Amino acid sequence: MPIPTPFHARTGAICESHEWRNWSGYLAASLYEPTHEREYYAIRNAAALIDVSPLYKYEISGPEAERLVNRIFTRDFSRCAVGQVRYTPWCDDDGKVIDDGTVARLEQNKFRVTAAEANLAWFQDCGYGMAVHVQDVTAELAALALQGPNARLILEPILQEVELKELKYYCFAEGSIRGIPLTISRTGYTGDLGYELWVSPRHALDLWDLLIERGVDFGITPAGILALDIARIEAGMIMNQVDYISSRKALIEEQKSSPFEIGLGWAVDLEKEDFVGRRALIEERRRGSAWRLVGLEVDWNDLEAVFRRWDLTPQVAGRASRSAVPIYRGNRQIGQMTSHTFSPWLKRYIGIGMARSREVREGDAVSVEVTVEYQRLRANAKIVRLPFINLPRKRA
Amino acid sequence: MPVKYDVIVIGGGHNGLTAAAYLARAGLKTLVLERRHVLGGASVTEEIFPGFKFSVFSYVVSLLRPEIIRDLNLPLHGLTILPLESTLTPLPNGDYLYRGADHYESYRNIARFSPRDADAYEDYGRMMYFMAKAVKYILGIIPPDPASLHPADLNGLLNLARRFLGLEREQFYTLMRLMTMSSADFLQRWFESEPLLGTLSASGVIGTFLGPRSPGSAYVLLHHYMGEIDGVFRSWGFAKGGTGGIASAIASAARSFGAEIRLNSSVSRVLTRNGSATGVVLESGEEFSAKVVVSSLDPQQTFMKLIDPTLLPEEIVEALRLYVYRGSSGKVNLALDAAPKFACWPGQGPHLRGAISISPGVDYIEHAYDEAKYGRFSSRPYIDIVIPSMIDPDMAPPGKHVMSCFVQYAPYELADGDWDQQREAFGDAVINTLSEYIPNLKDILLYRQVLTPLDIERITGLTQGNIFQGELSLSQLFFLRPAPGLAKYRTPVRGYYQCGSAAYPGGGLSGATGRLAALQILRNEFGRRDKT
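All of these numbers come straight from a predicted model, not from anything done at the bench.

(A) Region of interest: the overall build of chain A. Per the secondary structure count, chain A includes nine helices and 20 strands. Relative to the compact-globule value of 21 Å for 396 residues, chain A shows a C-alpha radius of gyration of 21 Å, a close match. Principal-axis analysis of the C-alpha atoms gives chain A an extent of 60 × 55 × 40 Å. Within chain A, the proportion of its 396 residues that are buried is 60%. Across chain A, contacts joining residues at least 24 apart in sequence account for 66% of those joining residues at least 6 apart. Computed over 50 positive and 53 negative side-chain charges, the separation of the two mean positions in chain A equals 4 Å.

This is the structure in structure tokens:
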């Protein structure tokens, strides 16, 4: 049975939909209201407050912390200063991705990692024999994401000891709100202006109340996972176990992916000292990757034409779908669209997928499977660059 | 030698801008001339009172075509449409009818007044879906003239006939009823409870000089239902930043394609030579020449003012002279110091984020109409309220609100006195009516902007203040809009086109007219077929 997060006394009380998801063993609201539309728009229009406490969180500390971090993750952390956060994947020895997440350098010898899946044993094993300590701090840190164009306006006057304007994209700082100590990072999973707040569970409810009180005139809206899922697809952000399968969970070799294949080649630093999977990744770089991450945009006029065969107008789910559908070139299946959604903002049907890298280039015409009246058909689509939404304020 | 443009668009309203964007996108050298210091025409946001942004005229979006949003990439130019999620009908006895996003909640709410209505509501929605689908087809095409023997018209008629003959028998009958009945009679085929009948019938009279019991008003119901059928596209919404946000997004798109836009440039005349348009001259005397001139203004200005009517066939001049405008509505925009407290539902809630309709029953609206028939504004008007700052916090300072009130009826022609004398009395009638439902209104009222049909005409140029550029009645729709023989964007003056709401399909913030006119111009004058 999933357990409540530290915010449950508040989230539970306002969850009119009574629709919850099991997120890593915690209760996470799918949506609070009868539909998730307003929660989605809060992300793009005002400010959404999202309970992200279920994320796995680890702290890596000790004299050899930097060495271990550099061994586990594909990016070079010798160049990550205290106060900075890096998004990075990590791999097994074969260069296949285990998970992806953020790593914050809290101190010279202390890092905090967020992960989608449990990684304690893996991190500890990687550090075998090193002067480091790896600790699971998931239950010790409650986390709230405040995402949307008004996020800064809400936080600025109440946040102490931190100059928010100075807090750059992918940086964090220690501060407090009305005496509640917290860590604030300029990060998020929405592609919008936003922050994540990390706080002790005993202050969780006070923090929630303060934010709601301060944010009410700025459109603050608690938002659930459904809204977040649409926003992250628009932002072209991948999800472990949806867009790729962790190599620690894959049952067959074909289910595994390298960072190059899931669009994270930019986060692999082959120049740095040895790290887990480096040799395999150097080899893959030389040989080329079999798969690549793609953005897909379904041609709406064609979708209308497909539905018109039944005299229907396009009926697409308001919710993002995590059920993969085949991508075709001609009659050949060349990949799968793994996350897809109607983008309420763009008024387009968009998706993220994996395709055989030799078969696709940006701008290519392909088709994707759509089901109309229980029949599997195809609608034209185009391979497009990710992300679908790239707002200047994301980095502002 | 003045600069030569491919196309000059007169008027920077949403249709003019849409046409310009499509033309510029096709590579044409395009110039938009706007009389005012702001773009948008009737879709404009202005900070009339410091810190408070009013969607001065048009206040909600229902029909902005999704293909326009995609073709012009409007979200990248700043367009965000926020959903309008519910409708509240407060009642004089302190009760209310609320219909929201939760289907069963709406069902329960309607059932409090009539369990039968709650069940029939679903049937009604389904029937309107079929009606809208049938008529949506017409909105996407250039209307064929049934009296013409031109092959394109005959072909168009044939397609249209196929479309309608494809309807089920009962649907076909309903369509005929919809075209001929009054909205009250039409709705009474499904419903019996007054708050529901009143509120639904109100959308059959919005912007028209008709009452809910006037034949022909049922069609207007459909016009307002059209957005519903696109399923995933929410039919009703706000543009972030007010309705001006739509115009500025389209303008930004047009500029990105190379269109030039000039403000404070009032066109005084369209220049013609040998029956062809050759350019325009501004009131300042400045001249611009172009291969094609397209006017987004209403027919009165497009045909009677900007060109010499003698260039037109006499029968068309006669038809345009008889074309009915009859502005029937006013607008009152309020700046509020705090959130309004409704007697029926005090406190904040989802009801403040949707439409709020002062329409307790059919009689209420019909009484309001009675006064207008004899040249008086309604003492207790039908009011369609939205509070944009509840959805887009940027519209007002934190904790404060803007409230937009569309008010009907306010006849352009008053029996006694004129609007300059009656303006404040009209404003008082609105505030007094609202105060019956919002007891704290007068305490929180910081500022009111009262716009009569005369003000709408003066500011936007819309003749008689008609928000649709002419009455949206069946006698002025389809191939009859704005006049027989003028329904195809083209005019008898070569190289002179129309793209305003008075052209087909007309009315509302759809942009469809601007787009269809641009596609026509591209095809007729520049030999291009746009892919879209």
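(B) Main features of helix H2 (residues 37–45) of chain A. Extensive coverage of H2(A) is indicated by the burial of eight of its nine residues. For H2(A), every residue scored as buried is listed here: Glu37(A), Glu39(A), Tyr40(A), Tyr41(A), Ala42(A), Ile43(A), Arg44(A) and Asn45(A).

(C) Looking closely at the packing of helix H1 (residues 14–25) of chain B against helix H10 (residues 244–256) of chain B. Residues and elements named next belong to chain B. Two elements in contact, H1 and H10, have axes separated by 8 Å at closest approach and are oriented at 20°. Comparing their axes, H10 and H1 come out roughly parallel. Crossing of H1 against H10: the hand is left-handed. Every residue of H10 that contacts H1 at His14, Leu17, Thr18, Ala20, Ala21 and Ala24 is listed here: Ala247, Ile250, Ala251 and Ala254. Residue classes in the contact of H1 with H10 are distributed as eight nonpolar, two polar and no charged.

(D) Structural context of the pattern of salt bridges. Going through the model one piece at a time under the given rule, you end up with 49 salt bridges over all chains. Where Asp243(A) meets Arg232(A), a salt bridge forms, and the shortest distance between an N and an O atom there is 2.8 Å. Of this pair, Asp243(A) sits in the loop between helix H7 (225–234) and helix H8 (278–287) while Arg232(A) sits in helix H7, and the two are 11 residues apart along the sequence. Looking at Arg232(A), the relative accessible area reads 0%, which means it is buried. Taken together, the shared-partner salt bridges in this structure form one network comprising Glu33(A), Arg38(A), Glu85(B) and Arg353(B).

(E) A look at the sheet that holds strand E16 (residues 401–408) of chain B. All names here are of chain B. Taken together, seven strands build an open sheet; the order of strands is E7-E6-E14-E15-E16-E13-E17 and the sheet is mixed. Looking at which strands have only one partner, the edges of the open sheet turn out to be strand E7 (96–99) and strand E17 (445–451). This sheet shows a mean twist of 20° between the axes of neighbouring strands, independent of strand direction. Together, strand E6 (87–90), strand E13 (329–336), strand E14 (355–358), strand E15 (382–386), E16 and E17 form the strand contacts of helix H15 (residues 419–437), whose direction differs from that of E17 by roughly 125°.

(F) The arrangement of the interface of chain A and chain B in detail. Counting from both sides, the interface comprises 25 residues of chain A and, opposite them, 28 residues of chain B. Both faces considered, chain A and chain B share a buried interface measuring about 2,500 Å² in area, 56% of it formed by carbon and sulfur atoms. Counting every contact that joins chain A to chain B gives two salt bridges. Glu85(B) is paired through a salt bridge with Arg38(A); the nearest N and O atoms lie 3.7 Å apart. At the boundary of chain A and chain B, one finds nine residue pairs in polar contact (both at pLDDT 80 or more). It is H2(A) that contributes the most residues to the side of chain A that touches chain B, four residues altogether. Across the side of chain A that touches chain B, the residue classes break down as 10 nonpolar, seven polar and eight charged.

(G) Up close: the domain arrangement of chain A. Residues and elements named next belong to chain A. What the domain assignment lists for chain A is domain 1 (8–53 + 141–223), domain 2 (57–136 + 258–287) and domain 3 (291–393). A straight line from the C-alpha centre of domain 1 to that of domain 3 covers 31 Å. Summed over both partners, the interface of domain 1 with domain 3 comes to about 890 Å²; 44% of that surface belongs to carbon and sulfur atoms. Seen at the junction of domain 1 and domain 3, the total is two salt bridges. Counting only elements with at least two residues in the side of domain 1 that touches domain 3, the list comes to strand E1 (19–23) and H2. Class assignment for the residues of the side of domain 1 that touches domain 3 results in five nonpolar, two polar and five charged.

(H) Representation of the packing of aromatic side chains within the structure. All chains considered together, the criterion is met by 28 aromatic pairs over all chains. With a centroid separation of 6.2 Å and 90° between ring planes, the pair formed by Phe77(A) and Phe111(A) is classed as edge-to-face. Within this pair, whereas Phe77(A) is found in the loop between helix H3 (65–72) and strand E5 (85–91), its partner Phe111(A) is found in strand E7 (residues 110–115), the two being separated by 34 residues in sequence. Just as Phe77(A) is buried, Phe111(A) falls in that class too. The rings of Tyr58(A), Phe73(A), Phe77(A), Trp90(A), Phe111(A) and Phe123(A) are connected pair by pair, giving a single aromatic cluster. The residue whose ring lies beneath Arg186(A) is Tyr195(A), and the NZ or CZ to ring-centre distance is 5.5 Å. Geometry around Tyr96(B) places Arg112(B) over its ring, the cationic atom sitting 5.5 Å from the centre.

(I) Layout of the pairing of E13(B). Residue and element names in this part refer to chain B. Counting buried residues in E13 gives eight out of eight residues, a clear majority hidden from the surface. Taking every second residue as pointing to the same face, both faces of E13 are buried, with Ser329, Lys331, Asn333 and Ala335 on one and Gly330, Val332, Leu334 and Leu336 on the other. Sheet analysis places E13 next to E17, joined by six bridges and oriented antiparallel. Residue pairing across strands places alanine 335 opposite tyrosine 447, the latter belonging to E17.

(J) Fine view of the domain arrangement of chain B. Entries for chain B in the domain assignment read domain 1 (4–82 + 239–323 + 465–526), domain 2 (115–192 + 203–234) and domain 3 (329–409 + 411–451). Computed over C-alpha atoms only, the centres of domain 1 of chain B and domain 2 of chain B are separated by 26 Å.

(K) Inspection of the sheet that holds strand E10 (residues 159–160) of chain A at higher detail. All names here are of chain A. On the basis of which strands lie adjacent, the open sheet formed by seven strands has the order E10-E11-E12-E13-E9-E3-E14 and mixed pairing. Both edges of this open sheet fall to E10 and strand E14 (220–222), since each of them pairs with a single strand only. Bridge analysis of strand E11 (residues 172–177) against strand E12 (residues 180–185) gives six bridges, and the strand direction is antiparallel. Directly across from phenylalanine 172, in E12, lies its bridge partner serine 185. Sheet contacts for helix H6 (residues 204–215): strand E3 (47–51), strand E9 (142–147), E11, E12, strand E13 (194–199) and E14; angle to E14, the most-contacted strand, approximately 140°.

(L) Structural context of the state of the cysteines. Under the counting rule described, the total for this entry stands at zero disulfides over all chains. Cys344(B) takes part in no disulfide bond, and the closest cysteine sulfur, belonging to Cys405(B), lies 15 Å away.

(M) A look at the environment of Ala118(B). Residue and element names in this part refer to chain B. Counting through the fold element by element, alanine 118 comes out in helix H4 (residues 115–139). Residue alanine 118 is classed as buried on the basis of its relative accessible area, which comes to 4%. Among residues more than four places away in sequence, those in contact with alanine 118 are Tyr107, Ile110 and Ala111.

(N) Quick look at helix H17 (residues 453–460) of chain B. All names here are of chain B. Every buried residue of H17 is accounted for by Pro453, Leu454, Asp455, Ile456 and Thr460. Residues of H17 that are buried make contact with E13, H15 and E17. Two residues or fewer past H17, glycine 461 is found with a positive phi of approximately 85°.

The rules behind the values
- Residues numbered from 1 in each chain as written.
- Chains lettered and ligands numbered in written order.
- Predicted model: local features only at pLDDT ≥ 70, side-chain atom pairs only at ≥ 80, totals over all residues.
- Heavy atoms only, no water.
- Helix = DSSP H or I, 4+ residues; strand = E, 2+ residues; numbered from the N terminus.
- Rg over C-alpha atoms; globule rule 2.2 N^0.38 Å.
- Buried < 20%, exposed > 50% of the residue type's maximum accessible area, 1.4 Å probe, protein only.
- Contact = heavy atoms within 4.5 Å.
- Lys, Arg positive; Asp, Glu negative; His and termini not counted.
- Charge placed at Lys NZ, Arg CZ, Asp CG, Glu CD.
- Axes fitted to C-alpha atoms, helices over the stretch in contact; angles between N-to-C directions.
- Parallel < 35°, antiparallel > 145°, perpendicular 65-115°, else oblique.
- Left-handed = near helix turned anticlockwise from the far one by under 90°.
- Nonpolar A, V, L, I, M, F, W, Y, C, P; charged D, E, K, R; others polar.
- Salt bridge = Lys/Arg side-chain N within 4 Å of Asp/Glu carboxyl O.
- Pairing = 2+ DSSP bridges.
- Buried area = accessible area lost by both parts, 1.4 Å probe.
- Polar contact = N/O pair within 3.5 Å; in protein donor to acceptor, adjacent residues only side chain to side chain.
- Domains from an automatic or database assignment.
- Phe/Tyr/Trp six-rings, centres within 6.5 Å; stacked < 30°, edge-to-face > 60°.
- Lys NZ or Arg CZ within 6 Å of the ring centre and 35° of its normal.
- Disulfide = S-S within 2.5 Å.

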